[in-house]
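Residues per chain are reported as follows:
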Amino acid sequence: MSGFPMRSSHHLGVDLATQVRGRSGSGVDNLSSPSCPQILQSKLCIVTVGLPARGKTYIAMKLARYLRWIGIDTKVFNVGNYRRKMFGAYQPHNFYHPDNKEGVDKRTECAMKALGDVINYLNLENGQVAVFDATNTTRERRRLIAQKCQDSLVEVFYIEMICDDKELIAENVKAVKLTSPDYEGIDDDEAIADFSQRLKNYETAYEPLDEGYDRDRSWVKLADVNQTIMANQILNHLQSRLVYFLMNLHIKKRNIYICRHGESEFNVQGRVGGDSDLSERGKEFAIKLAKFIHDKNIPDLKVWTSQLKRSMQTAAYLNMESEAWKSLCELDAGACDALTYGEIQEKFPEEFAHRDQDKYNYRYPRGESYADLVHRLEPVIMELERQESVLVICHQSVMRCLLAYFTDKEHSKFGTQLAK
């Protein structure tokens, strides 16, 4: 990854309000981790910028999933969906020509309708971040967006996708546009020809974000699949986290395997946490896991474990180099560690009831909550996004959190649906 120039980057303090209350064994409300904010000091509209087939919607969906996972209410507003609903799916390429006044007016109408919904979501529906997913390729369009957001006390953060790799663009056209509702029922060759002309129409009017003209705006440019990243006016903690997340993304195909360790001696006894060895059944599982992985013959596979014995012992049967992460250790049960659930109910009856009421925010006495665990796992997610094929051998609660990220599950389902 080449240069990361920053213009006038100021950290004005943490925007994320971290005072989300969690129950503890002492009966005192504690501040939770900054990964699960309840309130943003200001609402944020993320605005994508770029020509079609540059991966804007892919980035929009990834960002929204990440933000929801760390506890920020986020929604994507795709202007193309508004256009299809208002004027029909297929529009010929001349609809997108900058000299076609009727087409320009209709596309502006769609954009303003979507932007109105963005403002309503943020200001009336308690949304925290909205992603305005569209081309937004002209300065005039971006000026309109900025003005309407400013009038509604909403911050704007632009993300521009640039790609000059013709092979990659052609792959995107085939993989995405030929399966798009825009070209449903239309011959492949005809669809490609029409879309190629649509691209040329957009290129005619395209005005990229400029270091001089847009020096007072907050933005980040991603060029050629993150080979080059440029950021400008990164003004707060959330924006810096977004830039860091974007720096770790790539579009290569890979396999990510998430596996629980083999059965441990404490599992047999029904005890929470601890650092016990594998049981005999756990060893049998590790042998079968090793055969499964070796049969897959995955090139350059990396193996990650926690620093607990049951995880590392499961990996040992692979006879492969592995990396042990402290971040991948089981949720810390604190004062309840090594107890059975029956013993927890007997010794801490109020805690047992609190846990059933809200498994995501419940924090074990002197231990962790799922919210804390998400915060602890954020570096793991960043590194998983950077890597290619990885096998993660971890623990039940860790698996729930990782699966919740990749499947975009709500926090309320961390300890229920994903617990099963």
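About the criteria used
- Residues numbered from 1 in each chain as written.
- Predicted model: local features only at pLDDT ≥ 70, side-chain atom pairs only at ≥ 80, totals over all residues.
- Heavy atoms only, no water.
- Buried < 20%, exposed > 50% of the residue type's maximum accessible area, 1.4 Å probe, protein only.
- Helix = DSSP H or I, 4+ residues; strand = E, 2+ residues; numbered from the N terminus.
- Arc of directions from axis to C-beta.
- Contact = heavy atoms within 4.5 Å.
- Polar contact = N/O pair within 3.5 Å; in protein donor to acceptor, adjacent residues only side chain to side chain.
- pLDDT = per-residue confidence, 0-100.
- Core = buried A, V, L, I, M, F, W, Y, C linked by side-chain atoms within 4.5 Å.
- Axes fitted to C-alpha atoms, helices over the stretch in contact; angles between N-to-C directions.
- Parallel < 35°, antiparallel > 145°, perpendicular 65-115°, else oblique.
- Left-handed = near helix turned anticlockwise from the far one by under 90°.
- Nonpolar A, V, L, I, M, F, W, Y, C, P; charged D, E, K, R; others polar.
- Phe/Tyr/Trp six-rings, centres within 6.5 Å; stacked < 30°, edge-to-face > 60°.
- Lys NZ or Arg CZ within 6 Å of the ring centre and 35° of its normal.
- Pairing = 2+ DSSP bridges.
- Patch = residues over 30% accessible without salt bridge, like charges linked within 9 Å, V, L, I, M, F, W, Y side chains within 5 Å.
- Areas by Shrake-Rupley, 256 points an atom, 1.4 Å probe, with all protein chains shown as cover.
- Salt bridge = Lys/Arg side-chain N within 4 Å of Asp/Glu carboxyl O.
- Lys, Arg positive; Asp, Glu negative; His and termini not counted.
- Charge placed at Lys NZ, Arg CZ, Asp CG, Glu CD.

Q: Account for helix 5 (residues 166-175), with residues named and values stated.
A: For helix 5, the complete set of buried residues consists of Leu168, Ile169, Asn172 and Val173. For helix 5, the angular spread of the buried residues around the axis is 140 degrees, confining them to a single face. What points out from helix 5, more than 90 degrees from its buried face, is the exposed set Lys166, Glu167, Glu171, Lys174 and Ala175. Packed against the buried residues of helix 5 are helix 6 (188-205). With a side-chain oxygen lying 3.1 Å from the backbone nitrogen of Glu167, the N-terminal cap of helix 5 falls on Asp165.

Q: Can you break down the confidence of the model for the protein residue by residue, with the values?
A: For the protein, the mean per-residue pLDDT works out to 87, and 87% of the residues sit at or above 70. Ignoring residues within four places in sequence, the model shows residues 1-39, a span with pLDDT below 50, making 110 contacts including any to other chains.

Q: I'd like to hear about the nonpolar core, residue by residue, with values.
A: Across soluble globular proteins, nonpolar side chains have a tendency to be buried as a group. Ranked by size, the top nonpolar core spans 60 residues in total, and within it Ile46, Leu67, Val220, Leu328, Leu377 and Leu402 carry the most contacts. Ranked by residues supplied to this core, first place goes to helix 13 (residues 370-386) with nine residues. Sequence-distant contacts of Leu377, defined by excluding residues within four places in its chain, comprise Trp69, Ser327, Leu328, Val398, Cys401 and Leu402.

Q: Got a sec to walk through the packing of helix 3 (residues 101-124) against helix 4 (residues 139-151)? Specific residues and values, please.
A: Interaxial distance between helix 3 and helix 4 falls to 11 Å at its minimum, and their mutual angle equals 25 degrees. As the angle between them shows, helix 3 and helix 4 are arranged roughly parallel. Of the two possible hands of crossing, helix 3 and helix 4 adopt the one that is right-handed. For the pair helix 3 and helix 4, the contacting residues are Arg107, Thr108, Ala111, Met112, Leu115 and Ile119 in the first and Arg141, Leu144, Ile145, Lys148 and Cys149 in the second. Of the residues contributing to the contact of helix 3 with helix 4, the split by class is seven nonpolar, one polar and three charged.

Q: Explain the packing of aromatic side chains to me, using residue names and the numbers behind them.
A: Taken as a whole, this structure holds 11 aromatic pairs when the rule is applied. Within the aromatic cluster, the residues linked to one another by ring pairs are Trp69, Tyr405 and Phe406. Taking the ring centre of Tyr405 as reference, the NZ or CZ of Arg65 above it sits at 4.3 Å. A cation over an aromatic ring shows up here: Arg139 above the ring of Tyr213, its NZ or CZ 3.9 Å from the ring centre.

Q: A description of the sheet that holds strand 14 (residues 322-325) should follow, citing residues and the corresponding values.
A: The strands that make up a sheet are held in pairs by hydrogen bonds between backbone atoms, and each pair lies either parallel or antiparallel. Strands sit in the order 12-15-13-14 across an open sheet of four strands; the sheet is parallel. Where the open sheet ends on each side, the last strands, each with one partner, are strand 12 (256-260) and strand 14. Averaged over all pairs of adjacent strands, the angle between their axes in this sheet comes to 20 degrees, without regard to strand direction. Strand direction decides the pairing type here: strand 13 (residues 302-306) and strand 15 (residues 390-394), joined by four bridges, are parallel. Considered in strand 15, the bridge of Trp304 is made with Val392. Those strands touched by helix 9 (residues 280-296) are strand 12 and strand 15, and its axis lies near 170 degrees from that of strand 12. The strands touched by helix 10 (residues 309-316) are strand 13, strand 14 and strand 15; relative to strand 13, the strand with the most contacts, the crossing angle is about 155 degrees.

Q: Mind laying out a negative patch on the surface, listing which residues take part and the relevant values?
A: On the surface, Asp164, Asp165, Glu167, Glu171 and Asp224 cluster together into a negatively charged patch. As for its placement among the helices and strands, Asp165 is situated in the loop between strand 9 (154-162) and helix 5. Exposure remark for Asp165: the relative accessible area of 37% places this residue in the partly exposed category.

Q: Quick rundown of the pattern of salt bridges? Include the residues and the values.
A: Under the counting rule described, the total for this entry stands at 22 salt bridges. For Asp182, the salt bridge identified is with Arg83, shortest N-O distance 3.0 Å. On the criterion of sequence distance, the pair formed by Asp182 in the loop between helix 5 and helix 6 and Arg83 in helix 2 (residues 79-87) is long-range, its members being 99 residues apart. A relative accessible area of 3% places Asp182 in the buried class.

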